Amino acid sequence: MKDILTLPNIISFFRLLLIPIFVITYFNESIANNYIWAIGILMLSGLSDVVDGFIARKFNMVSDFGKILDPIADKLTQAVIVLSLVIKHLELLPMFAVLFFKELFTLFAAVYLFSNGTKAMSSKWFGKLSTVVIFITMFYTVLVDICSFTSIPLYFLSALSIICMIISVTGYFNHFIKQGEGAKSQDETM
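Residues numbered from 1 in each chain as written. Predicted model: local features only at pLDDT ≥ 70, side-chain atom pairs only at ≥ 80, totals over all residues. Heavy atoms only, no water.

(A) How the structure looks around the confidence of the model for the protein. A residue-level look at the protein finds 93% of positions with pLDDT of 70 or above and a mean pLDDT of 89. Confidence scores differ between elements of the protein, with helix 6 (residues 152–189) showing the lowest mean pLDDT of 83 and helix 1 (residues 7–27) the highest of 97. (pLDDT = per-residue confidence, 0-100. Helix = DSSP H or I, 4+ residues; strand = E, 2+ residues; numbered from the N terminus.)

(B) Summary view of the environment of Ile 55. The residue Ile 55 is located in helix 2 (residues 34–58) in this model. Ignoring any residue separated from it by four or fewer positions in sequence, one finds Ile 55 in contact with Leu 7, Pro 8, Ile 11, Asn 60 and Met 61. (Contact = heavy atoms within 4.5 Å.)

(C) The arrangement of the packing of aromatic side chains in detail. For the structure on display, the rule yields ten aromatic pairs. Pairing Phe 22 with Tyr 26 gives two aromatic rings, centres 5.4 Å apart and planes at 10 degrees, and the pair type is stacked. Placement of both Phe 22 and Tyr 26 in helix 1 is noted, with a separation of four residues, approximately one turn of the helix. Ring centres of Tyr 26 and Tyr 35 lie 5.3 Å apart, and the angle between their planes is 50 degrees; this geometry places the pair in the tilted category. The pair formed by Tyr 26 and Tyr 35 is uniform in burial state, with each residue classed as buried. Chaining the aromatic ring pairs together yields one cluster made of Phe 22, Tyr 26, Phe 27 and Tyr 35. (Phe/Tyr/Trp six-rings, centres within 6.5 Å; stacked < 30°, edge-to-face > 60°. Buried < 20%, exposed > 50% of the residue type's maximum accessible area, 1.4 Å probe, protein only.)

(D) Summary view of the pattern of salt bridges. Scanning the entire structure with this criterion turns up eight salt bridges. For Asp 74, the salt bridge goes to Arg 15, with nearest N and O atoms at 2.5 Å. Taken together, the residues Asp 74 in helix 3 (residues 64–88) and Arg 15 in helix 1 connect sequence positions 59 residues apart. Arg 15 carries the same exposure label as Asp 74, and that label is buried. Lys 75 serves as the salt-bridge partner of Glu 103, at 2.8 Å between the closest nitrogen and oxygen. Residue Glu 103 is located in helix 4 (residues 93–115), and its partner Lys 75 is located in helix 3; the two are separated by 28 residues in the primary sequence. Using a relative accessible area of 12% as the deciding quantity, one classes Glu 103 as buried. Residue Lys 75 is classed as partly exposed on the basis of its relative accessible area of 29%. Each member of the salt-bridge network shares a partner with another, and the members are Arg 15, Asp 49, Asp 52, Asp 70 and Asp 74. (Salt bridge = Lys/Arg side-chain N within 4 Å of Asp/Glu carboxyl O.)

Here it is in structure tokens:
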């Protein structure tokens, strides 16, 4: 329980609570300035993601539970928000499709490694890069709704997000292979 109720994990739980609040706010046009509130919620979610990781590393509060909870909060936030944005911005549909398959792949790979006794791993730079680019794309999309910016940059940001997700999947795939081989060689020496 001590590993679960750490400040970084509480912040990750908070991020999970922000997901339905974003969806309700984004689609509820009876809320005055709903897109401004939605972008504020998105910014709060992104900021809390940075803060929980900083606190975990700085104050030695990294836990195996947190290594699972933080990426779940990231993945659910990205999936639900991008899906919400796709409803109003079909140009993000390819990005959502790649995101869906990327997360499906990493889920199956993580379950496979976990079932073989491999511990949860921390996120890698390529995963963080993908998250940042997706966040920027989500942020700009809501700005399009607020300020009536042109949606042409969304095509570029969506393509950049797709490229970053492919790099991320490739990097994690290579890491999963190495981790799986390491676990296999440990089993053979026992």
